[in-house]
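Summary of the model geometry
The primary structure of each chain is shown beneath.
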Amino acid sequence: MTTQTWRVWAIYMALAANLSKEQVLKQACPSCDATQLCNCSSMGLDFVPPGLTGKITTLDLAHNRIKHIRSQDLQQALNLRVLLLQCNEISSIDKDSFLSLGKLELLDLSNNSLAHLSPVWFGHLFSLQHLHLQGNTYRDLGESSPFSNLRNLSSLHLGNPWFSTMRQGNFEGIAFLDKLWIDGGNLSQYEPGSLKSIKQINHMIINLRSITVFSAIVGDLLHSVICLEVRKIAFSTPAEMQLLRVMSSSFAKKISFKQVLLTDATVPEMISILADMPKLVELELIDCRLLGTGRWEIQIQANQSQTVKVLTIEKLSIEQFYLFTDLRAVEGLLSLLTKVTVANTKVFLVPCSISQHLQSLEYLDLSSNLLGDQSLEHSACQHAWPSLQTLNLSQNSLRDLEMTGKTLSHLRKLILLDISQNNFGEIPDVCKWPKPLKYLNLSSTQIPQLTTCIPPTLEVLDVSANNLKEFGLHLPLLKELYLAKNQLKTLPGAAPVPNLVAMTISRNKLNSFSREELESFKKMELLDASDNNFICSCEFLSFIHHQARIAQVLVGWPDKYICDSPLAVRGAQVGAVHLSLLECHRTLVVSLICALVFLVILLLVAVGYKYHAIWYLRMTWAWLQAKRKPKRAPSKDICYDAFVSYSENDSDWVENVMVQELEQACPPFRLCLHKRDFVPGKWIVDNIIDSIEKSHKTLFVLSEHFVQSEWCKYELDFSHFRLFDENNDAAILILLEPIQSKAIPKRFCKLRKIMNTKTYLEWPLEEEQQEMFWFNLKIALKS
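Note that this is a predicted model, so its numbers are computed, not measured.

For soluble globular proteins, nonpolar side chains are generally found buried alongside one another. Residues Phe98, Leu156, Leu195, Met204, Phe214, Phe235 and Phe257 are the most contacted members of the largest nonpolar core, which totals 153 residues. The biggest single contributor to this core is helix α2 (residues 211–220), with five residues. In this structure Phe235 touches Ile211, Phe214, Glu240, Met241, Leu244, Phe257, Val260, Leu261, Leu262, Thr263, Thr266 and Met270, once residues within four positions along its chain are discounted. The next biggest cluster of nonpolar side chains, apart from the first, holds 23 residues, and it includes Val644, Tyr646, Ala665 and Phe773.

Here it is, written out as C-alpha cells:
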C-alpha cells in the first residue's frame, strides 16, 4: 500500500472507532446522543458508561450504583465542565481518574462512600470552582491539604456525620471562598489555625454541636468571614457563652442562626456579644427555639449597637409564648433598627413601649402572626414607628378595615401597607388612612364590594382574589390596578382612573371589550386580561393586533391563544397566530357542522329504513346469543326428530314427498316445518333458533334455490354451533339436485366446508333407487 492509502485507512479506523464508542455510549445512556449535555442520572448504572467523548461538557451520573471510578472512565472527556456523581456508592477513585479534566468547573461527589480524600484526585483540576464532598464516610481531610492546587475554588461543601477532625494545613492553597459549608455535627477535634489560611469567606455555613470547636473556628475567622450562618447548635448555659466572647471581635457583617436553641440564661450574654461586634449590620434567627419566658436570669448589659440595622426573626418557637414578658430589657437596643421582620412567630401583641423605641424603623414585617384589631391598636400606639414607610400585616387576624386604617392613620411616613389575607368582608363607606399612603394590598380579604373607604391617594391598589363584581372607584392618582381572580364581566371605566398605566384583570369573567373601551385608557401601557372567557374571533384578534395605544395587551384563550400587541407573551406572538376557519367564524362553523350531522343522521335513518337495518341489527344480536348457547339442548326439551331447512321453491317436494314418506312411516318421524310449526307472532329469527334447539337433527334440502335463499343462510348460521363440530352428526344434507361446490356463493362458506368434509344424500330420479334413499335417510334420522 502507498503512504496515502495508509493515511486514509488510519483515518477510517479512527472514525470507525469513534463511531463505535458513541454507539456504545448511546446504548448505555440514550440522552448522550449528539448533545453536550449527557444526563445518565437514575438509570441503575454500576459503572461510568464507556464512549465518552470531547463533545460532552456536562455529565450527570447522579443517583446510580457506581462504586469505582477508573483511570480510563473519563480520559476522553477533555471538555467536561460539570461532573455530577452524587448519590452513588463510590468508595474508590483511581489516582489519575480526573487527570484529563483540566476544564472541569463543578465536581459533585457528595453522598457516596469515600472513606478518605486524596490530594492526587484534585491535582490537575486547575479550573475547578465548585466542589461538593459532603455526605461521605471520611473522618478527616488527611494530614495535608487535599485542595492545595485548586486556586480557582469558589465554593466548598464538606463534612458528614462521621467527620470529627480538622488539622492545620487542611486548607492550604485556598485564599478566597465565596461559600464554605462545613457539616460537622460530630466535629470534636479542631487544631487552632486550621481555617486561618483562608483570607476571605463571603458566606460560611457551619453545622456544629460543640461550643468549644465553634469558638475555636470563630477565633480563626475573626477578620475573614463576612456572613456567618450557624446551624443546629444549642446555647444552653452561661458558661458556654463565655467561650463565645471571642465572637465580639468578629468583623462579620451578618450573623444567621438557624435551628439553634437559646434559653433565658444565655440570651442576655448573646445580646451583649452581638452588640459588641464592630461591623455587624444584620442579625437573623430562622426556625430557632427559645426556652423561657423572657425573664432573664441576669440583667442585659449591652451598649446599643451602632451598626445593626436589620433584624429578622422567622418561625421562632417559644413554647410558652403566652407567658412572655414585655421585653423592657431590650428597649434601649432598638432605636437604630431600620428593618425588622418578625414573621410566623405567633406574635399577638407588640408592646407600645417597644414600638415607641423603634424610632428609626422604616420597614416592619409582622406577617403570618396572630395580631387582631385590638392588639394592633395597642401595638401601633401614638408615637410608635414614627419613621415607618413599609408595613406588612398580611395573614393575621384583622377583621375591621375601618379600625385598621384609623389605627395606622398617625403614621405620617407610611407609603406601603400590605393587609392581604385577612378577613375584612364588608367594608364601610368612610375610612381614615395615613395621608402619604400610595400602595395598598387588600388581596384575599373576602371583600364583596369596594367603597369610598379606599384612600384616593393610592398609586397602586391590589384587590385580587376577592368577590368583586364591579370596579368604579374614583382614584385619580392610581397607576397600577390588580383585579385578578374576581367576578368582573366588564373592564373598569377609564374615567375614574385617568392615570392608569398597568392593569391586571386576569381570571375573571370577561367575554370581550370594545376598541373604545380599550383606547379610553390614555396612559395604559400594560393590560393583562388573560384566562377569561373571551370568544376568540378574527375581528377581535385583528383589533388587538393593530391597536397602537397600549404597548402590551395580554388576552388569553384558555391554554391555547395569547393575543398580544406588539405581541410577545408566553413565548408566542400574536402576529404568528393564524386562526382557522373555526376560530374566525365559530358560530357559522358550528351551525354548519350541526346541520351536516343532522343530514347524515337523517340519511342513515332513511337508508336503514329502506334496507331494514333495525331488523339486521336484531338478527345480529340473536346470532351472537346463539353462538353463546350450549351445543346441545337437554333431552327433555327435544320435541322434533328433525328441523327441515329448505327453499320455498322446493316446498312441493318437501311437503308432498318427504313429509308424507317420513311422517307416515312406522314409527313416524316428527318433523318441524316453518309453515306449519313456527309460533305465530313470534319473531322469525327466534322461531328458527328455538326450532333448531328443539330438534334432534337439522335436515337441509340443498338445491340451486337453497343457495340463493338468504333465509337458508341464516338457518345455517344460527345452527353453526352444531353443524360444524366435526365430531357430531346433527346435520343431514340432502342434495335435491346436483350442485358444484364452486358454484355455491361465498357467503355460504360454512356449507362449502361441510360438503367437502361430510357425506350427504342425493335424491335419485330413478324410482328403483328412491327406496334405498328413504332407507338411508331414516337410518340417519334415528342415529
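Additional details are given in the paragraphs that follow.
Side chains bearing opposite charge may pair, as long as their charged atoms lie close to each other. For the structure shown, the criterion picks out twelve salt bridges. Note that Lys254 and Glu284 form a salt bridge whose closest N and O atoms lie 3.8 Å from each other. Here Lys254, found in strand β14 (residues 254–258), pairs with Glu284, found in strand β16 (residues 282–286); they are 30 residues apart in sequence, far enough to count as distant. Several salt bridges converge on common partners, so that one network encompasses Glu229, Arg231 and Lys258.

What follows deals with the layout of surface pockets. Counted as a void, the largest pocket has a volume near 1300 Å³. As for the largest pocket, its lining consists of 44 residues, and the residues nearest its centre are Leu311, Ile313, Phe324, Leu327 and Val330. At the level of elements, α4 (267–276), β16, β18 (310–314) and β20 (339–343) are the ones that each hand at least two residues to the lining of the largest pocket. For the lining of the largest pocket, the element with the highest residue contribution is α4, accounting for five residues. Of the residues belonging to the lining of the largest pocket, the class tally is 38 nonpolar, four polar and two charged. Taken as a whole, the second largest pocket spans an internal volume of roughly 250 Å³. As for the second largest pocket, its lining consists of 14 residues, of which Gln382, Ser409, His410, Leu411 and Arg412 are closest to the centre. Looking at the lining of the second largest pocket residue by residue, the classes come out as seven nonpolar, four polar and three charged.

Enumeration over the complete set of coordinates arrives at two cavities of 30 Å³ or more. Taken as a whole, the largest cavity holds about 40 Å³ of empty space. Around the largest cavity, the lining residues are Met204, Ile206, Phe214, Ile217, Val218, Leu221 and Leu228. Looking at which element gives the most residues to the lining of the largest cavity, the answer is α2, with three residues. Among the residues making up the lining of the largest cavity, the classes are represented as seven nonpolar, no polar and no charged. Within this model, the second largest cavity holds a volume of roughly 30 Å³. In terms of lining, the second largest cavity is formed by Val218, Leu221, Val225, Leu228 and Ser250. For the lining of the second largest cavity, a count of residues per class yields four nonpolar, one polar and no charged.

On inspection of all chains with the given rule, the structure shows three disulfides. Through a disulfide, Cys352 is tied to Cys381; the S-S separation comes to 1.9 Å. On the sign convention where negative means left-handed, the S-S torsion of about 95° between Cys352 and Cys381 marks this disulfide as right-handed. Linking Cys352 in helix α5 (residues 352–357) with Cys381 in the loop between α6 (373–379) and β22 (390–392), this pair joins segments that are 29 residues apart in sequence. The burial state of Cys352 is the same as that of Cys381; both residues are buried. With its sulfur 1.8 Å from that of its partner, Cys431 forms a disulfide with Cys453. Across the S-S bond linking Cys431 and Cys453, the dihedral sits near -95°, which makes this disulfide left-handed. Within this pair, whereas Cys431 is found in the loop between β23 (416–418) and β24 (439–441), its partner Cys453 is found in the loop between β24 and β25 (460–462), the two being separated by 22 residues in sequence. Cys639 takes part in no disulfide bond, and the closest cysteine sulfur, belonging to Cys672, lies 9.0 Å away.

As a further point, take the packing of aromatic side chains. Enumeration over the complete set of coordinates arrives at eleven aromatic pairs. Arranged with centres 5.9 Å apart and planes meeting at 75°, the rings of Tyr138 and Phe163 form a pair that is edge-to-face. Of this pair, Tyr138 sits in the loop between β7 (130–132) and β8 (155–159) while Phe163 sits in the loop between β8 and β9 (165–166); the two residues are 25 residues apart in sequence, bridging distant segments of the chain. In this structure, Tyr138 and Phe163 share a single accessibility class: buried. Here a set of aromatic residues connected by ring pairs shows up, and it is made of Trp121, Phe122, Phe147 and Phe171. Lying across the ring of Tyr363, Lys339 places its NZ or CZ 4.9 Å from the centre.

Here we come to the sheet that holds strand β19 (residues 317–318). Remark on secondary structure: sheet strands pair via backbone hydrogen bonds, oriented parallel or antiparallel. Taken in spatial order, the three strands of this open sheet run β15-β17-β19, and their pairing is parallel. One side of each edge strand has no neighbouring strand; the edge strands of this open sheet are β15 (261–263) and β19. Sheet analysis places β15 next to strand β17 (residues 289–291), joined by three bridges and oriented parallel. Looking at β17, one finds that Leu261 is bridged to Arg289.

Once that is clear, we can look at helix α20 (residues 767–782). Between its first and last C-alpha atoms α20 spans 23 Å; for 16 residues at 1.5 Å apiece the expected length is 22 Å, and the two agree. Among the structural elements, β31 (640–645), α13 (651–663), β33 (695–702), β34 (731–735) and β35 (761–762) are those in contact with the buried residues of α20.

What follows concerns the sheet that holds strand β32 (residues 671–672). Sheet architecture is open: five strands sit in the order β32-β31-β33-β34-β35, paired in parallel fashion. Each edge of the sheet is formed by a strand with only one pairing partner; in this case those strands are β32 and β35. Judged from the five bridges that link them, β31 and β33 form a sheet pairing that is parallel. Within β33, the position partnered with Val644 by the bridge is Leu699.

Glancing now at the confidence of the model for the protein. Averaged over every residue, the pLDDT of the protein is 83; the share at 70 or more is 79%. Summarising per-element confidence for the protein, the mean pLDDT is lowest in strand β30 (residues 561–563) (42) and highest in β22 (98). Of the regions scoring below 50 in pLDDT, residues 557–578 engages in 54 contacts with residues more than four places distant in sequence or in other chains. Here residues 721–727 is a poorly scored stretch, pLDDT under 50, and it has 26 contacts once near neighbours within four places are set aside; other chains count.

Mapped onto the elements, Ser197 comes out in the loop between β11 (189–190) and β12 (200–208). Classification of Ser197 by relative accessible area gives buried; the value is 18%. On a C-alpha basis, the gap between Ser197 and Ala175 in space is 6.6 Å, while along the polypeptide they are 22 residues apart. Apart from residues no more than four positions distant in its own chain, Ser197 is found in contact with Phe171, Glu172, Ile174 and Ala175.

About the cut-offs
- Residues numbered from 1 in each chain as written.
- Predicted model: local features only at pLDDT ≥ 70, side-chain atom pairs only at ≥ 80, totals over all residues.
- Heavy atoms only, no water.
- Core = buried A, V, L, I, M, F, W, Y, C linked by side-chain atoms within 4.5 Å.
- Buried < 20%, exposed > 50% of the residue type's maximum accessible area, 1.4 Å probe, protein only.
- Helix = DSSP H or I, 4+ residues; strand = E, 2+ residues; numbered from the N terminus.
- Contact = heavy atoms within 4.5 Å.
- Salt bridge = Lys/Arg side-chain N within 4 Å of Asp/Glu carboxyl O.
- 1 Å grid on protein atoms, 1.4 Å probe; cavity = no way out; pocket = protein on both sides within 12 Å on 5 of 7 lines; lining within 4 Å.
- Points joined across faces, edges and corners; volume = space filled by probe spheres on them.
- Nonpolar A, V, L, I, M, F, W, Y, C, P; charged D, E, K, R; others polar.
- Disulfide = S-S within 2.5 Å.
- Phe/Tyr/Trp six-rings, centres within 6.5 Å; stacked < 30°, edge-to-face > 60°.
- Lys NZ or Arg CZ within 6 Å of the ring centre and 35° of its normal.
- Pairing = 2+ DSSP bridges.
- Expected span 1.5 Å × (residues − 1).
- pLDDT = per-residue confidence, 0-100.

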